[in-house]
Amino acid sequence: MPEPERSRPTPEQLLKQVEAEERHQRHGKLKVFLGYASGVGKSFRMLDEGRRRKARGQDVVVAAVQQQVPDDIDEILKNFEVIPPRLGLASPCIDVDAVRRRRPSVCLIDGLAHRNPPGCRNPERWQDVEELLADGISVITTINLQYIREKQQQVEAIRGKTVSDAVPESFVRRADEIEIMDAPPEYCVTRTEEGDRISEDRAARLQHQLSELREIALVLVAEVVDHQLEDYLRRQGIEQSFGTHERILVCVTPRSNASLMISRGKRQAERFHGELFVAYVEQDRMTPADRATLEQNLEEARQAQAHVEILHGEDPVTAILRFAEKQGVTQIFVGHSLRRGWRQSFFPNPVDRLILEADGMDIRIFPHGGETEAP
Amino acid sequence: MPDEAQTREGRLKIILGYAAGVGKTYKMLEEGQQIAADGRDVVIGYFEPHDRKDTIARSEGLELIPRRVVEYRDRLFEEMDTDAILSRHPETVLVDEFPHTNVPGSERAKRWEDVLVLLDAGIDVITTMNIQHLESLNDQMREITGIQVRETIPDWVTKRADEIVLADLTPGALLNRLDRGVVYAPDKAQRAKEHFFKESTLAALREMALRQTAHEIDVRYSEDNVGHPLAATGAGVSGQAQPIPTVHERILIHITDEPTTAGLIRRGRRVADYLKADCFALCVLPQPGIDSLPTESRQAIEQHLDFARRLHIETRVLEGAKAAETLVDFAHTNGVTQIYLAKPPRSVIPFLFRRQLVMKIVRLATDIQVTVVADRRKRMR
């Protein structure tokens, strides 16, 4: 039997709380420029931001740049104080001690995903950044989508290339600010490849791949913004959700056409780059057959990568709505039957009540045993 | 007359932002400079300098087509000179503020209509717009900003774009710009900060713009769900994901004289676009002839039908004393998979009636899903 967990915070909520506290504890602010491919202009934007902050009177230094920089960037770099990397190692490595001694207010660090050579204090550059932030130094940095660890499998599947350097996604998500460098893929197609003219066929394929990466990067930033917005609203004590992010809640019962509802929910969630929840309101009396059906439904929901939730409460409609409001749900999928069962167990009719009481949520009603999978 | 070879339609590129000052115009001009540097023919058809120094500097060296001066109610207005652009016939034209409404008496009511004319003439257009002007998001925008946006662009117009690019900037950086007087003059900046330019509002708008851009890419480049990058792996374990049966959805929107109908049409259109579904709308009249209705009701229905058509939704009007039966019959004969209905108003007497209609339809539609769309206007703060 699943244990009641209505009032206990979910692991995600706890994680968010911890992250928010961490952000408050460290004094330095982290700003990340994210690109979906090289050649979209991340380094330029980072330096440009540094230049503007300098003009506003902030103390800005550069601690890492790419090993080979184009002329235009080299020109901009001349306006900055550069803290030289540690020398004598296999590859450059930020001199963390030197930066800390220098104590700038802002430090520009290109290529967040860089792996430090043996002999450095940290194996990865993002760990150097972490130290600087903890020490109260703000960091502006750049990263390419393919170096975000949790995205690598997806990126590799699209591009067929493997990279070994990686930054955990949670580190990127904890950034105070994240900005995406969006550019149409043809920009990269002509600019990033080896310099030779590429065939039209190859260009089209590349453009397609890059578009997929672009989409993933945009959704990632949207999610970061969404979490930050939620944090902000919560801190301000605002309960309302803006509905910027589609969240679909499928309510299943042993009698509902659960397979269809879950597959439609999954499709809708994917099309909207949204989230899928599947909930069931625990009921006392249930036949073993119903119990088995329900377990099967919930298993299907887990396979569809939905967040599965068992709700508790005297009144199922209230339990569903309370959960939906807490999660910022925008669409509820519910089954409806004319036969005995869920619909007639309560008064007034729960589907009617859902329609009337749900605020700011669409209610999609699925007839029981109606539409079949194969049209 | 353009020569006969001019059969190709122009390419449309939209630079999408979420607020004034995020850098849309700058980005547009930068692209113009790049095109000019590549030795191609580009002109500025219209750009709004807003007294921003950086922006004005980016326009330098680009040919500018002078604006047309229009007199309206003893005042002079400046509009884009579409005819002058057509006769100049550049390869590419830069047109700022895509959703702009032309001064009354102009040949076309909206700037986007001028842009369509330019595209038809084979001229490439690069234009700018903010997310809050997208028609299907109108209700949600009001919910987020508290402002009713009147200048909207039907979604099909933006679908016409070959490319949509996001001009991104964090709200923090934008507010900085506002403080430094880069975006507006000081008095206007202060007013803006009290209303629209709140950090939470900006964050929500930015999220919508990011998601919309991702969706626009999805629409253009992915072959439905097959091999969809986000379908393959989800939050956790991959490999378990089963192929999703692709069902071609057909959405039917029920049009009435209720004020909730506009929001219903927008939502139906939006979901249909996301699901790549067909979308049509039906109004059932209780007795023959729309003229037999009370004036107010008739006008409301005509407005809603017209609105649906402007969003490229096919509309039908049928007669039937029993609205629910007529609607469901129509849905059955036309292979509808989802019926979209407005949420019944809370007020008691119409509520009882509406509730019956909704529930009657649910009861009759034994093999069709019914979606009751939330009234998002109510949640305005």
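Residues numbered from 1 in each chain as written. Chains lettered and ligands numbered in written order. Predicted model: local features only at pLDDT ≥ 70, side-chain atom pairs only at ≥ 80, totals over all residues. Heavy atoms only, no water.

**Quick look at the overall build of chain A**
When helices and strands are counted, chain A shows 14 helices and 11 strands. Looking at chain A as a whole, 56% of its 375 residues qualify as buried. Considering only contacts in chain A between residues 6 or more positions apart, those separated by 24 or more positions represent 73%. With the model as given, the accessible surface of chain A reaches about 16,900 Å², and the carbon-plus-sulfur share is 49%. (Helix = DSSP H or I, 4+ residues; strand = E, 2+ residues; numbered from the N terminus. Buried < 20%, exposed > 50% of the residue type's maximum accessible area, 1.4 Å probe, protein only. Contact = heavy atoms within 4.5 Å. Areas by Shrake-Rupley, 256 points an atom, 1.4 Å probe, with all protein chains shown as cover.)

**Structural notes on the overall build of chain B**
Check the secondary structure of chain B and you find 14 helices and 13 strands. Within the span of chain B, comprising 381 residues, buried residues form 57% of the whole. Contacts in chain B between residues far apart in sequence, at least 24 positions, make up 73% of those at least 6 positions apart. Element-wise, carbon and sulfur atoms account for 50% of the exposed surface of chain B, whose accessible area totals about 16,600 Å².

**Describing the domain arrangement of chain B**
Residue and element names in this part refer to chain B. Parsing chain B into structural domains produces domain 1 (7-221) and domain 2 (250-380). Taking only C-alpha atoms, the centre of domain 1 and the centre of domain 2 are 34 Å apart. If you sort the residues of domain 1 by the area they bury against domain 2, Asp-139, Glu-143 and Trp-156 come out on top, with a joint share of 35%. Connecting domain 1 to domain 2 are 2 salt bridges. Between Glu-135 and Arg-266 there is a salt bridge whose closest N-O contact spans 2.7 Å. On inspection of domain 1 and its partner domain 2, the count reaches 6 residue pairs in polar contact (both at pLDDT 80 or more). (Domains from an automatic or database assignment. Buried area = accessible area lost by both parts, 1.4 Å probe. Salt bridge = Lys/Arg side-chain N within 4 Å of Asp/Glu carboxyl O. Polar contact = N/O pair within 3.5 Å; in protein donor to acceptor, adjacent residues only side chain to side chain.)

**Comments concerning the side chain of Gln-268 of chain A**
Structurally, Gln-268 of chain A can be placed in helix α10 (residues 258-271). Every residue in contact with Gln-268 of chain A, bar those within four places of it in the chain, is listed here: Ile-248, Gln-331, Phe-333 and Arg-364 of chain A together with Val-271 and Leu-275 of chain B.

**Things to note about the confidence of the model for chain A**
All names here are of chain A. When pLDDT is averaged along chain A, the result is 83; 84% of the residues meet or exceed 70. Across residues 1-7, confidence stays below pLDDT 50; counting only partners more than four residues off in sequence or on other chains, it has 11 contacts. For the stretch residues 339-347, pLDDT sits under 50, and the model shows 19 contacts to residues farther than four places along the chain or on other chains. (pLDDT = per-residue confidence, 0-100.)

**Focus on the interface of chain B and chain A**
Where the parts come together, the accessible area they lose is often given as the size of the interface. The partner chain A presents 77 residues to the 79 residues of chain B that form the contact. Carbon and sulfur atoms supply 51% of the area buried between chain B and chain A, which totals about 7,300 Å² over both sides. Where chain B meets chain A, there are 6 salt bridges. The element contributing the most residues to the side of chain B that touches chain A is helix α9 (residues 199-221) of chain B, with 14 residues. Of the residues assigned to the side of chain B that touches chain A, the class counts are 35 nonpolar, 20 polar and 24 charged. (Nonpolar A, V, L, I, M, F, W, Y, C, P; charged D, E, K, R; others polar.)

**A closer look at the pairing of strand β9 (residues 250-255) of chain B**
Residues and elements named next belong to chain B. Where burial is concerned, most of β9 is hidden: 5 out of the 6 residues are buried. Two strands pair when backbone bridges link them, and β9 and strand β10 (residues 278-285) are joined in this way by 6 bridges, in the parallel orientation. If you follow Arg-250 over to β10, its bridge partner there is Asp-278. Handedness of the crossover is the feature at issue here: the chain leaves β9, passes through helix α11 (residues 261-275), returns alongside β10, and the resulting connection is right-handed. (Pairing = 2+ DSSP bridges. Right-handed = clockwise from strand over helix to strand, strands pointing away.)

**Things to note about the state of the cysteines**
Each disulfide is one covalent bond, formed between the sulfur atoms of two cysteines. The tally for this structure, following the rule as stated, stands at 1 disulfide over all chains. One disulfide in the model links Cys-93 of chain A with Cys-120 of chain A; its S-S distance is 2.2 Å. Of this pair, Cys-93 of chain A sits in the loop between β3 (81-82) and α4 (96-102) while Cys-120 of chain A sits in the loop between β4 (106-109) and α5 (125-134), and the two are 27 residues apart along the sequence. In this structure, Cys-93 of chain A and Cys-120 of chain A share a single accessibility class: buried. For Cys-107 of chain A, which is in no disulfide, the shortest distance to another cysteine sulfur is to Cys-93 of chain A and amounts to 13 Å. Sulfur of Cys-279 of chain B: no disulfide; nearest cysteine sulfur belongs to Cys-283 of chain B and is 15 Å away. (Disulfide = S-S within 2.5 Å.)

**A look at the environment of Val-32 of chain A**
All names here are of chain A. Structurally, Val-32 is set in strand β1 (residues 30-35). Put simply, Val-32 and Val-61 are 29 residues apart on the chain and 16 Å apart in space, counted from C-alpha to C-alpha. Apart from residues no more than four positions distant in its own chain, Val-32 is found in contact with Thr-141, Ile-143, Ala-175, Glu-177, Ile-178 and Glu-179.

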